[in-house]
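# A closer look at the structure
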Amino acid sequence: MSHNDNQLILKAENLKQHYQVKQGLFKPDAVVKAVDGISFHLEKGKTLAVVGESGCGKSTLGRMLTMIETPTEGRLAHLGEDLLTLSKEAQAKLRQKIQIIFQNPYGSLNPRKKIGAILEEPLVINTKLSKADRKAKALEIMAKVGLKTEHYDRYPHMFSGGQRQRIAIARGLMLDPNVIVADEPVSALDVSVQAQVLNLMMDLQQEFGLSYVFISHDLSVVEHIADDVMVMYLGKVVEQGTREQLFNNPQHPYTLALLSSTPQLSPEKRRVRIKLEGELPSPLNPPSGCAFHGRCRYANDRCRSEAPVLRLNHANEQEKDHLIACHAVEENRIGALSAQTV
């Protein structure tokens, strides 16, 4: 991607998160590769969507980007500064600029605190603002997310799911971040409310110049909000490109399957339903070769033995930034099958 470096807000290179897992008394520890070598760029004011089934490593990636977890290896630069090599103090300061919003706002809001106190808590911990200034800031951000002044003195249980998610978004904005990692922020909400929260997030992005890493298992949610999309499977990226590339010309069999299960309103966009056979393999015991081969109808012996590399799709010279990790795509074995529509 042709990136203007001063517009690059986040840059990840070969990020990994490997966990040691005890297997029992006499067995050696197993290593779970939750995230296994992920690289991307995020530009100012843009949204990168990270998509995949639960268990693919996307939430672990989100926790690494916000430094809740330290990556096992790799580089993570925020405006050119490598977060992983900074001192603890410098890291703490930078972490204020990267905030996370979780899936279940009720779980992340203290039920015994009023909304005002919940919103002001980051200011109490990280700033020297006076009580009056903290309250003014909280009320200002509440107004931005569509909450009323009288909500300031209420408790989380008094709000609907959509309102609670607005509170969680407001809390994420209190320290004036420039990156927000949104981990499944609308999946707990019903569909009518999902649209409102997504529209709110897009409005806030415009107003504050925010950059989003938007984590989701649902491609239909991502289609409206993303500039770029990264599809993950078992800790690795299998396809990466612009929103247009992924929705108009998806290549990887896993992406095709995810898209085919996404409800489409317009008939010309409907695809043959590709049923994914089998379960997501266990990261404790990943398959050889391509991790997806056990569920893929195009898999052959090469797929079962040799892991594919994420690379440009040479069949299509126009698509400069479209990366795919698939032997079948590379060998042109998928052919017209994937292009069929219902």
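Residues numbered from 1 in each chain as written. Predicted model: local features only at pLDDT ≥ 70, side-chain atom pairs only at ≥ 80, totals over all residues. Heavy atoms only, no water.

- Under an unreviewed UniProt entry, the protein chain has the name ABC transporter ATP-binding protein and belongs to Marinomonas algarum.

## Quick look at the overall build of the protein chain
- Across its full length, the protein chain holds twelve helices and twelve strands.
- Against the compact-globule benchmark of 20 Å for 342 residues, the protein chain has a radius of gyration of 21 Å, which places it among compact chains.
- Put simply, the protein chain has 342 residues, and 48% of those count as buried.
- Of the contacts formed within the protein chain by residues at least 6 apart in sequence, a portion of 65% connects residues at least 24 apart.
- In the form shown here, the protein chain has an accessible surface area of approximately 16,900 Å², with 50% of it arising from carbon and sulfur atoms.
- Computed over 42 positive and 39 negative side-chain charges, the inter-centroid distance for the protein chain is 5 Å. (Helix = DSSP H or I, 4+ residues; strand = E, 2+ residues; numbered from the N terminus. Rg over C-alpha atoms; globule rule 2.2 N^0.38 Å. Buried < 20%, exposed > 50% of the residue type's maximum accessible area, 1.4 Å probe, protein only. Contact = heavy atoms within 4.5 Å. Areas by Shrake-Rupley, 256 points an atom, 1.4 Å probe, with all protein chains shown as cover. Lys, Arg positive; Asp, Glu negative; His and termini not counted. Charge placed at Lys NZ, Arg CZ, Asp CG, Glu CD.)

## Quick word on unusual backbone geometry
- With a phi angle near 65°, methionine 67 is a residue other than glycine that sits in the positive phi range.
- Note on placement: methionine 67 falls in the loop between helix 1 (58-65) and strand 4 (73-78).
- Notably, aspartate 176 is not glycine yet its phi reads approximately 55°, a positive angle.
- The residue aspartate 176 is located in the loop between helix 6 (161-173) and strand 7 (179-183) in this model.

## Digging into the pattern of salt bridges
- Across all of its chains, the model carries 20 salt bridges by this definition.
- Between glutamate 331 and arginine 333 there is a salt bridge, with its nearest N and O atoms 2.7 Å apart.
- In this structure arginine 333 comes out as partly exposed when scored by relative accessible area, which is 28%.
- Linked by salt bridges that have partners in common, Arg302, Glu306, Arg311, Glu330, Glu331 and Arg333 make up one network. (Salt bridge = Lys/Arg side-chain N within 4 Å of Asp/Glu carboxyl O.)

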